[in-house]
Structure formats: structure tokens, C-alpha cells
Amino acid sequence: MTAITSSRGNTEVVSARRTESHDVPDIINLISNSTKTTFGRINVTYLLEKSNLAVTLSNEKKEAIAHALFLDYPNWNITDQSDWESFLHENYINNKCTPLNTLFLHLFVAREEYAAGCSQEIHVHFPPIIGEAMELKMPKINTGPELAVSLNMDPNFTLLGCHRHQYCPQLYVRKARLEDHDDLLPILTCHSETLKEIYGDYFLADLLETQDEENQAVVGEDGGTAVGFMSLCSQVNISLLHECFDLGPFHGLCKPHPGDILKMPQEPNFQEGSPEAESVSSQNSERISDPDARPFHQKMEMSSAMLSVVTCLLLFQKDGVNTVSHTELPLDDVRGKDFKFSATPVLETEEEDAFRPVYRGASNAFCIRLFCIDEKHETRSLDLLHYVFQLFPDKDFCIIVVPHLAPEFHLIQSFVRVVPFSTSTFNHELYVFHRAGLLNTFMEYTGIIQPSTRRVFLHYLRTSWYGCCAYILFALQDGTPVQAFVAEALDQIVGISVIKDEMDIEYIHSHYNIEDFMHFYHHQREEHGHLYHFVLNPIFHHYTKHFLKEILRLAHKSSLYYPVYPQYVEGKFQNPCAHSLTSALHYMVPVRPRRQIVYPLEELGINAPSEQVSKDQLGYALNYINRKLTLESKVSINTRIVVVGAADVGISFLETLIFCPHLRFNNLTLISIHGLPGKNLPGSKHGRFLINSHCFNDQDYAQMSLCSWVNVVVGKMTGINRAAKYVVVSKGKKVPYDHLVLCTGQQYQVPCPTGADISKLPTNREVARRRPQRYAGKVPSNLFVLRDDQDCSKATRWLQENIVSAEGNVIVYGNTIDIYTTVETLLSLGIDGSRIHLVQPPLSSHVTCLNNSAIESAVEEALAQAGVSVYYESILAEWSEGDHPGRMTWASFTTNTKPFKLHCSAFFSFANRTVDYETFKAINDACLVYDGRLVIDTNFQTNDNSIRAAGPLTKFSNRYFANEWTHSNFSSKEIGFHLAVSMLNLLDPTLEPLSEPQKDVDRLIPLYKGCKIKGGVLPGGYNYLHVSKPEIPMCLDIQLAQPNYGMEIITGEARHGNYFRLHVNEYSMVESITCFSKEPLPVSNYICLYGQHERLLNDLCSRWKEKLITDLYSYFREPWSMAIYHDRFIDLKNELRQILMTSEVRKMTGEGILLFGLACLTLFSLAAALTHKNSLAELAESTSMSQDCLHEHALPHLHPNAHLSLLFAFLFRFSSR
């Protein structure tokens, strides 16, 4: 906060923040006649949407007193936005404005008496990359120094300049002296204890006194006072850094040496002397020009991916088409190299013999040992680096290591984070800065690839690496122009980007929440661009957003989209969908997908959505950037967060973190036996063995692209070292953590036979007491315990190879709902029902897995028709391998009466679901409190503050007196979300600190509201879905006997395959849904019915009582219900609630409020159902409204702010009747 004084002597304490859409009315109120004279008549909302930087100053009362909007091109349309730099150079003398250091003021409004002070304060809060702020104005206003103008400039305009250093002075940097001690000590006070532990009591004086050629110290002065300090050392332990970090993109921080081994030696597969042999055998195959013309190349080695793309770029040199080398790099090398510095990589447990480059050159780096600067001068941190590199003229890299838990500071934003190896236990982050990063000449230019250049371009592609250019070739074949942009520094190519117009914007708009970051209808169709390739030399990574900003300006775009396809698509570069791995991914924001309506196309008829919206496409994760986001920096979180378990809770936790648009998590790690889920090909049925929780599916995994943000360690947790803070994974590998999240859940375990001798005819009563808990012997190869999709895929392949076309029985053992889905899967694979034996052990409670007698009867009938043998109340006694070692040949069971024996070729067990033994042992050995499950509090914390846990693995502490409630009773997806929220409260610096909870509030467990879902295909081909509230399991017959149960609505019969059951509670809210149908179910639609009031469902209860509903399936396919299924229906409900709470609405009569609500629901129902112009014409005819008005609002992907305008339009029509 800063105090500013008005021209009248009044003082206001103001704070600066980014302008948001709700500030538009305040901006309009501050516009005066002089504003219109200076800036013209403008659309504030449109200008705010297109601005690069918009700043608002507000006082302590949260009242806005000033606004400023800046763009990266001049106002008044004097010149084209892509050509303003040459325009200024032609018309103004001594002009030093470049796209890197200049913004243009398009609007400034303020309270008149505070205008001068506010303008100064706004300049202080500029992003540091900007050196100047320029504006084009009418000559009547003269608030800044006028630049000299040439004679051919339009006399109606004046160019006024405001240099940032006038309000945020540059620091004078010099060598530190002992006299600076008193100035620097207050700055270091907050860290004095930590520094004393490292350097001793008199650390600052020692650093100032003990300076020599290897140890230097500098200070930054402002007004004669030292405000910043930096201690440096030229001695760096390079060998340690080589062991812990991937320094390949920086040539190992060493100088080039002829003995460097940069690639793994390979056996040549071509004849000696061929051009390919020469290019591969040469150590300098990446070089594309004479070394003397490439000063950067002598000092650092660019990645092979970078140089491959740069070689391609020579086709777009300004001087024409050049002859280039035909060097072709292996595809694997390109992907690996680029990935190392493009985004958080997918790190699996590294092989012991993995190749690492060997660097024999001298060290080429110096390090920052200590750095501090006054908060007011933090944006001037880079001023010190200009001087520092002069102290070490023979070093090209400056490095700094920071603790993982240290918050990000301003200087580090200009450094490049080095990716650590997966086996690294180094407890700091390494950042690198190259001296070339100080250059302030960073140029971009563009070239358009037209079909006329196709012949030359195709000739080049035949002889060169085509990975980056695969799409360009594809685009040229249909005559579509592609724009390629090149970044230059000192006449050298350091970056490339390839974009094209986004042709699928309707699909993106309807399938992704891009309106979280933009107002869609303020952007023209041609302003949407698709990013295909983006590569930038690592030493210029801090210019990534500037490069993106320039791409948008030069291409006349306002938005760029970058898709990340799943691995089974992206792995094939010849696929037209392929995109190169982009180093800009971390600077873009991931966009959440939208839930889609399953449209009943036949019922909707001409009102069905257009094909552009409803077409099926390969799922992909969408990343996005626009003009506003180019000057909004993310907050980097280096805290090491390790998640154990890839179940729904863990995936939901990671999903919530990666979709935080203002945060960048650099150290998210997932430990899982099979890695990330979602590897199945589209249409795969491997998951049908297990019941579906409908938390995530393969499409959801594809649209998240967790592999872009999460390191993956494939293995099993076997130990936790709480003192050293690391997790021990299979084969003794260590994974360090700062926060550990345990989400392993509960899995089916190998059944342990009781060992009863069936020749003695024992019964269940006799053997139950001596039943062991865990099987410790060798597991037969044909015994399957399914835990996830990978296990299901493995079982499917084994069955197809060994069982389907052979003879032998398959035993399915257990009493959970998974036994039914497994039997149906076995039948669908072609295994005859007579070969399947379903053995069910005694129930542990009176609640069955289906808990519905009608459905149970239908399933039993289907099993009988298929010829499946069913055995009840049977306990596994023993099995034998017979003449086949390692394979089970028969199994025996005891019952309440007579035991029996079955021959088997495969055995599926679903009998015992509990915490895995290795997981239990790791938790128990780490002295975490375990009482049947891992004990946690209401904030997910265990007895170790660094370890959290969630999901079925856990239970609440006994002090809550709620042992019957665990996370198993709630939605796993909701649990994962709240777990992430609790973590964000610790890590997100933008959140307000939490207040201390009231006394005794922590004595109550949280009750989550999300529904529990299970669905699958049961025997007989019945599609089953059950949606219910979180509850303690209770028999359905007992629930129906409760006096406050509510109403039960049932249509159809289970045995006919058209059964639909709704439970409406005493408050008229839908509390459970059960579907049992022969037809596929629109699951996402029916889930939306949960928690809705029956009035919103078209007066469901009233119509049921009047016997107007005979089939709930057809009832919920009617057009009115599309509004309920819309993903933004909840937004409408919230807006209506806010309106109804206003004083004006409260004065309305009860009838008026009812009419208001009915009109609102009618509106949204129509808006959700109507999707193209013909239906809009119908709506216009029925409501006497203009078709243009409806076309603006009545699409299924309504903007949240569009609801109210359409509501009031309908209300006006409704009230006139």
C-alpha cells in the first residue's frame, strides 16, 4: 500500500491490483470529457478484454480511484499493430522503443485530484520487463516529455513518453565495502537465524571482509544507501550438480572440450562414408553455421531439438531461401532433449545404466551464495546481474540454489529452473542464468508458408528431420497457409514458433471452460490461433511470454490454443494431430474441460446441437494464453509434494493443483505401481471387470494430461523415513518429499485358504475361528486379484490366450458387486456360462452389494439363463497345483452343510478388500498412528505434520466419536478436492491466511455433499447405475420403513430391463437414483438429477401422483430436461438465488416470485435445447422477440453473464401476457 496526496491536500492509502470485469462500471463512471478527447470513444469492456495490462488503484474502502489500460501497439489506429516499431523509427528521432520495453496507454481515468499521484503509482507496478510506457495523444494534453518528431508525422498526434526509471530508479551497483554493513543488516534481519547457522554470528562482516578474486560481494545503491546485496563465488561443485541435475541443455555448465561425450555410442547401421555417417559421427553435427558467427554456440550447447528446429527455420530467413545442412536427428533424441526443459517431465524410476553425458571442459559458472534486497527495490534485482557478469568475464553462467520451501522471489523469475534427475536427493532447487539473457535486443519476425513454396519445402523435408515440420507438410497439402515466427538475438536464431488459425473454435468453446479466461464474444473468429510448435533456447526462457506476446501481435491474434494429446496419439509424429513438445507449456494455463450433455438426438429433432458442437473427437488437454495472460506471471511452487497411490482421491488431488491457473507446481510426484491411469485405447473394455465409480474415465485422463505436470515413479512404497523425509520405493529407491500425501486406498488381497480338510466334512462354523488374515505363500499364476485397469488388461490378455479357446472352469470368488461385472465380462469374452462358477462367501453385514431385491432377482435369473453355477455361504478351504507347478488346478470350499471341490483353470478373487500389507508395514514402521486404518484429523493430517492421508486408507481419530464414518462413505473425487484445498491453504501465497478455528469446532467431522456413484454392466447385459447420498450402508427395506423416508418413484421392471427408481426425500430433493436397463445409460445426465428439487424436474412428484409419468427414461429425454444437464445450470441457480435475496424481489408477492422462477426455468430450458438458427427462428416466433437477440444468448454454451440479460427478456414477455 502507498499513500498518495491529492491536489487539495487530501491523502488516500491505495493498493494496486489487476483490473477485473466487475470494475467496468467504475471505469465508466470515471470517464470525463477530457478522457474522450484524449482517447476517443471507446468500449471499455472490449478494451479491457484485449489489453495486455490493466491496473486498478483502490483505497482502503475498496473504492476504485484510478484505472489504466495498456496494449502493445499504439492507439488511434495510426499504424498497423504489427508494424508500429518501424513506424516510430521512421517518424521519431532518437527513438529507443522496442516491443520488449514498450507499452502504449489506451485509457487512463482517475479522480481528478488524484490523477498525478495515481499515474506515478501505476508506473511503479509495471512488470519489470517493460522499460518504457508510451502513449499517443491529442496535442491538447501534455503530461509527459514529447519526443522529437519528423516532418512527415501527422500533426494531429503527439507521442509522449514516460520512462519507468523515473519512478523506479535503476540501482547503482558497485563492490561491497565494510561500511555497507549497517545499511544491509536491517534487510537481513528476518533471515538472521538461518544465516547464523550457515555462516556464523558475524556472517555479514565476514562476507564483506573476505573478498578476493574467487569471492566477491556487490551492493546496489539508491540515493547513497545500500538496498541490495549479493555474495558470489567462482568455485562451483560441478560434479555434484552433474549427479543430481540434467544439465544437458547447458552443456553441463562447462566449457566445450574435444573430449566431451554428448551422445551414447551407437553401432552404425549404414555404410561408412555415407552422408548420414558423416553427420552422425561428427561431434558438431548440431552446428548450422560457422562458429565465429555464433558467439552463443561457443559458450553453450543448444539442445538437439532446438537446433533441429532452427535448421528448419533457415527457410524463413529474411534474405530468402538458404541452403541448409541435411543433418537428421534420431526421433528419440529430439523428444528427450526438448522435454527436459519444456515442462515438468514424466520421470519413471531411472535405469541404473542410463546414459549421461560426460563433460571434460573447465567450469563455466559462478554461484550466488547470498542475495537480499529491499522489498521496494525488488523489481530492480536484475540491475545487479549486469555488474556481476563483469566481475567474472570468463564465466557464462550464473547459478543459484534455493531451498524447496523458499517462496519465489523476483530475481529467480529471470532464471531457468534445471530439472533434477528422478534419483536426485539434493535438497535444493538449481537455477541457471546465461549472460546472453541480459540482452535487450530480442527480435521476432514472421513468414507465411504459402502453397507456392511447397516444392522447395517438400524437397527439404525429404532430406531433413521432419518431426517438427510434420504438420506443416500436412497443412501444405490442403493449401492452408501457416505462420512461422522466428526469435533472433544478435543475428542468431534462438527460437521458433509455428501457428495456424484455430478452425475448431466452436468445439473448443463448447467443450472447454475458456471463458474462465476470456469473454468469448469479444474475440473475432480469425483472432483465435492454434500453436503447433514452440521452441526457445533455454538461456532465453525468461523471454517466453514476450515471444508469445509478440506472436499474438504480429499475427493479429488475441488467443492461442495448444492441445496435448494422450500418449497413444502423441507418440506417433506422423499423425496429423502431432504437436512438438513445447517449452511454453508452463507459461500457458491449462483449461478445464466442460461436462457434456448426452443429447437424445431423435427426441430433439431440429433442435439438436450442431455437428460442430456434438461431434466426437479425440480427447486432449487444452492449454491457453491470451494478451492479458502474457503479462501475468505464475507463482512457482517448488515444494516437493509426493502422492502415493493413483486411485480416484490422488488423481482428484493432482487435478485440483494443476488446474490452478496462477500457480506452477514444479515438484509434483506420483508413486504408483502402474504409473498414471488412462493408458487404455479409446473404446477399450478392459475396465469392465471392476465396477465404475464414474469419478474419472479415459476421456477425463486425456483432458487432464497429468503426464505434462506430474513426475511419475513406477513402483510400490515400502518404507517412510520421517526424519530424513523420503519414501522408499521398490528396489530401495528414495523419493524425497516436503509434503507426503497417502492415497493408497484399499485393494483386494490374495485370499488365504482356511486349510480345512474337506475329507473330514467340516462346516463354516468349525473353520471360521482359525482363519488366518494374510496369505504369505507363492501366488498361483492363474489366480487374479484385480486392483486397477492395468490388472484388468493383463487378465483379459491371459484369458484370450489360455481360456477362451480352451477348456476349463473359471471360479469367481467374493460377495462384492465386482463379481457380477466380472462374470459379465467373462461371458462377453466368449467363455461359456457353464464353465463359470460364482462362489459367494458369507456376508459380513445384512446389506447386499446391490441392496435391491428386484435387481437381485433379475441378475440371478440372468445367471441361471447363462448357465453360471452359483454357490452361497461358501468359504475357501484350500487349493492345489496338481501336476502344474505354479498354477491352481482345483479349489475346495466349506459351506454351512457339505463342502465341495471345483476344478479350475482361472481363479478371480474379490473376497478380501483391505489395506495392502506392504503399505501397512511402511506406515506402521514409520510410527504413524494406525488403528485398523491410518488415523487422521478433519484436516487430513496424521500425527506427522508433513504427512497427509485421505480415502479408504484412513479413519477419523477416536476423539470425534464417529468410527462408523470414514472417507469410504463419501465421494472420492470430492475428498481429493478438499485435500487439495487444505494443501493450497499452506502453499498458495495469494490466499488470505486462515483464521484460527473456534474452540471445539474441530470436534465435528466434515460432512461432504457429493454423491456416491457406482455403475457397470451386470449379467444379462444389464446396464446398472446407482447414485446415492453419502451414508452409512443400510438395508433398503429398513430405509423404506422410516417415517421420514420421503417418496419412491419407480417405473418399469428389472427383469424387462427398463427399471428406473428415484428416491425423493422429505425435503423434495432427489436423494438416490437407480437405473437397470438393457439400453446404454446417459450416466452424466442422470448424475445431474441428484440433489435437484423435484419442482425443477418439471413438477416430478405432482406428475407422478397424477399418473402422467409411465417411463422415467423417456421423461428425462424430453427437451425441457436439457437445461438440468447443462454444466452451467448451477450458475443460473446461484444467480437466481442472489436475485431472490435482493430487497426488490423480497417485496414481490409469493405469486410474483413463483412466476419469476417459472420464467427463468423456461428460459434456460429453451436456451439449452436450441442450438442453431432454425430453432432460434422458432423461439423468436413463439416469444415475439428478435432473432438477433436470441442468437446472441440462446446457445447451450451461454456465458455466465449472459444469463441475466436473457432472463429479463423472457420476464418482460412473460409479464406482458
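Source: prediction; values computed, not measured. (Residues numbered from 1 in each chain as written. Predicted model: local features only at pLDDT ≥ 70, side-chain atom pairs only at ≥ 80, totals over all residues. Heavy atoms only, no water.)

## Concerning the overall build of the protein
Line of reasoning, step 1. Within the protein, the regular secondary structure consists of 40 helices and 48 strands.
Line of reasoning, step 2. In the protein, buried positions account for 55% of the 1217 residues.
Line of reasoning, step 3. Sequence separation of 24 or more characterises 74% of the internal contacts of the protein that already satisfy a separation of 6 or more.
Line of reasoning, step 4. Carbon and sulfur atoms make up 51% of the accessible area of the protein, which totals about 54,900 Å². (Helix = DSSP H or I, 4+ residues; strand = E, 2+ residues; numbered from the N terminus. Buried < 20%, exposed > 50% of the residue type's maximum accessible area, 1.4 Å probe, protein only. Contact = heavy atoms within 4.5 Å. Areas by Shrake-Rupley, 256 points an atom, 1.4 Å probe, with all protein chains shown as cover.)

## Brief notes about the sheet that holds strand 25 (residues 668-672)
Line of reasoning, step 1. On the basis of which strands lie adjacent, the open sheet formed by 5 strands has the order 26-25-23-30-42 and parallel pairing. Only two strands of the sheet have a single partner each, and these edge strands are strand 26 (711-714) and strand 42 (947-949). Neighbour to neighbour, the strand axes of the sheet diverge by 20° on average, direction disregarded.
Line of reasoning, step 2. This element, helix 22 (residues 648-658), spans strand 23 (641-644), strand 25 and strand 30 (739-742) of the sheet and lies at about 150° to strand 23.
Line of reasoning, step 3. The strands touched by helix 29 (residues 972-987) within the sheet are strand 23, strand 30 and strand 42, with strand 30 carrying the most contacts at an inclination of about 175°. (Pairing = 2+ DSSP bridges. Axes fitted to C-alpha atoms, helices over the stretch in contact; angles between N-to-C directions.)

## A few points about helix 4 (residues 84-91)
Line of reasoning, step 1. Buried residues of helix 4: Trp84, Phe87, Leu88 and Asn91, and no others. Looking straight down helix 4, one finds its buried side chains confined to an arc of 95°; they lie on one side.
Line of reasoning, step 2. Contact partners of the buried residues in helix 4: strand 5 (102-110), strand 7 (158-163) and helix 18 (544-554). (Arc of directions from axis to C-beta.)

## Regarding the pattern of salt bridges
Line of reasoning, step 1. In total, this model carries 32 salt bridges according to the counting rule given.
Line of reasoning, step 2. Note that Lys557 is salt-bridged to Asp501, the shortest N-O span being 2.2 Å. Of this pair, Lys557 sits in the loop between helix 18 and strand 19 (559-564) while Asp501 sits in strand 17 (residues 492-501), and the two are 56 residues apart along the sequence.
Line of reasoning, step 3. Its salt-bridge partner being Arg640, residue Asp738 comes within 3.1 Å of it at the nearest N-O pair. Separated by 98 residues along the polypeptide, Asp738 in the loop between strand 29 (733-736) and strand 30 and Arg640 in the loop between strand 22 (635-637) and strand 23 bring together distant segments of the chain. Take Asp738 and Arg640: they sit in the same class, and that class is buried.
Line of reasoning, step 4. Bridged by salt links that share partners, the residues Arg174, Asp180 and Glu221 form one connected network. (Salt bridge = Lys/Arg side-chain N within 4 Å of Asp/Glu carboxyl O.)

## A few points about the sheet that holds strand 14 (residues 428-434)
Line of reasoning, step 1. The strand order 8-9-10-11-12-14-13 describes an open sheet built from 7 strands, whose pairing is mixed. Both edges of this open sheet fall to strand 8 (172-175) and strand 13 (416-417), since each of them pairs with a single strand only.
Line of reasoning, step 2. Where strand 9 (residues 215-222) lies against strand 10 (residues 225-233), 8 bridges are found, and the strand directions are antiparallel. Note that in strand 10 the partner of Asp222 across the bridge is Thr225.
Line of reasoning, step 3. Where helix 14 (residues 382-391) meets the sheet, its contacts fall on strand 8, strand 9, strand 10, strand 11 (365-373), strand 12 (397-403) and strand 14, and the angle it forms with strand 10 comes to roughly 40°.

## So, unusual backbone geometry
Line of reasoning, step 1. Backbone geometry at His694 places phi at a positive 55°, although glycine is not the residue there.
Line of reasoning, step 2. Along the chain, the position of His694 falls in the loop between strand 25 and helix 23 (698-704).
Line of reasoning, step 3. In this structure, Cys927 is a non-glycine residue whose phi angle is positive, near 65°.
Line of reasoning, step 4. Topologically, Cys927 is positioned in the loop between helix 28 (917-925) and strand 41 (934-936).
Line of reasoning, step 5. Taking the relative accessible area as the measure of exposure, Cys927 reaches 56% and is therefore exposed.

## Some thoughts on helix 35 (residues 1129-1140)
The periodicity of an α-helix, 3.6 residues per turn, causes residues three or four places apart in sequence to face the same way.
Line of reasoning, step 1. Between its terminal C-alpha atoms helix 35 stretches 16 Å, which fits the 16 Å expected from 12 residues at 1.5 Å a residue.
Line of reasoning, step 2. Listed as buried for helix 35 are Phe1129, Leu1132, Glu1135, Leu1136 and Ile1139. Each buried residue of helix 35 lies within a common arc of 120° when the element is viewed along its axis, so the set occupies one face. Turned more than 90 degrees away from the buried face of helix 35 sit Arg1137 and Gln1138, all of them exposed. (Expected span 1.5 Å × (residues − 1).)

## Side note on the packing of helix 22 against helix 29
Line of reasoning, step 1. Relative orientation of the contacting elements helix 22 and helix 29 amounts to 45°, with a least axis distance of 7 Å. Taken together, helix 22 and helix 29 sit at an angle that is classed as oblique. Between helix 22 and helix 29 the crossing geometry is right-handed. Side by side, helix 22 and helix 29 meet where Asp648, Val649, Ser652, Phe653, Glu655, Thr656 and Leu657 of the first sit next to Ser972, Lys973, Ile975, Gly976, Phe977, Leu979, Ala980, Met983 and Leu984 of the second.
Line of reasoning, step 2. Across the contact of helix 22 with helix 29, the residue classes tally to 9 nonpolar, 4 polar and 3 charged. (Parallel < 35°, antiparallel > 145°, perpendicular 65-115°, else oblique. Left-handed = near helix turned anticlockwise from the far one by under 90°. Nonpolar A, V, L, I, M, F, W, Y, C, P; charged D, E, K, R; others polar.)

## Remarks on the environment of Asn851
Line of reasoning, step 1. Inspection of the secondary structure puts Asn851 in the loop between strand 34 (836-839) and helix 27 (853-866).
Line of reasoning, step 2. Expressed as a C-alpha distance, the spacing of Asn851 and Met1034, which sit 183 residues apart in the sequence, is 8.5 Å.
Line of reasoning, step 3. Filtering out sequence-adjacent residues up to four positions away, Asn851 remains in contact with Glu856, Met1034, Cys1035, Leu1036 and Gln1039.
Line of reasoning, step 4. A distance of 3.0 Å separates a polar atom in the side chain of Asn851 from the backbone nitrogen of Leu1036. (Polar contact = N/O pair within 3.5 Å; in protein donor to acceptor, adjacent residues only side chain to side chain.)

## Remarks on the packing of aromatic side chains
Line of reasoning, step 1. Scanning the entire structure with this criterion turns up 38 aromatic pairs.
Line of reasoning, step 2. With a centroid separation of 5.3 Å and an interplanar angle of 50°, the aromatic rings of Tyr565 and Tyr620 are classed as tilted. Residue Tyr565 is located in the loop between strand 19 and helix 19 (567-570), and its partner Tyr620 is located in the loop between helix 21 (611-614) and strand 21 (621-626); the two are separated by 55 residues in the primary sequence.
Line of reasoning, step 3. Here the aromatic cluster, defined as three or more aromatic residues joined through ring pairs, consists of Phe1060, Tyr1086, Tyr1113, Tyr1115, Phe1116 and Trp1120.
Line of reasoning, step 4. Residue placement shows Lys901 over the ring face of Trp890; its charged tip is 3.9 Å from the ring centre.
Line of reasoning, step 5. When the ring centre of Tyr748 is taken as origin, the NZ or CZ atom of Arg913, which lies over that ring, is 4.3 Å away. (Phe/Tyr/Trp six-rings, centres within 6.5 Å; stacked < 30°, edge-to-face > 60°. Lys NZ or Arg CZ within 6 Å of the ring centre and 35° of its normal.)

## With respect to the side chain of Ser231
Line of reasoning, step 1. Take Ser231: it is sitting in strand 10.
Line of reasoning, step 2. Once you skip the residues sitting within four places of it in the chain, Ser231 turns out to touch Leu207, Gln216, Ala217, Cys367, Ile368, Arg369 and Leu370.

## Observations regarding the side chain of Ser497
Line of reasoning, step 1. Along the chain, the position of Ser497 falls in strand 17.
Line of reasoning, step 2. Residue classification places Ser497 among the buried positions, given a relative accessible area of 0%.
Line of reasoning, step 3. Within the local environment of Ser497, its side chain forms a polar contact with the backbone oxygen of His533, the two atoms lying 3.2 Å apart.
Line of reasoning, step 4. Filtering out sequence-adjacent residues up to four positions away, Ser497 remains in contact with Gln483, Ala484, Phe485, Leu531, His533, Phe534, Phe547 and Ile551.

## Re the pairing of strand 9
Note on strand geometry: in a regular strand, side chains alternate between the two faces of the sheet.
Line of reasoning, step 1. The buried fraction of strand 9 is high, at 7 of 8 residues.
Line of reasoning, step 2. Both strand 8 and strand 9 contribute to a ladder of 4 bridges, which runs antiparallel. Along strand 9, the bridge assignment pairs Arg174 with Val219.
Line of reasoning, step 3. Hairpin connection, strand 9 to strand 10: the antiparallel pair is bridged by 2 residues, and Gly223 has positive phi, about 65°.

## Points about the environment of Asn666
Line of reasoning, step 1. Locating Asn666 in the fold gives a position in the loop between strand 24 (663-665) and strand 25.
Line of reasoning, step 2. When the C-alpha atoms of Asn666 and Arg640 are compared, they prove to be 8.0 Å apart, with 26 residues separating the residues in sequence.

## Overview of the environment of His519
Line of reasoning, step 1. Residue placement: His519 occurs in the loop between helix 17 (505-511) and strand 18 (528-536).
Line of reasoning, step 2. Residue His519 is classed as buried on the basis of its relative accessible area of 19%.
Line of reasoning, step 3. In sequence terms His519 and Thr45 are 474 residues apart; their C-alpha atoms lie 9.2 Å from each other.

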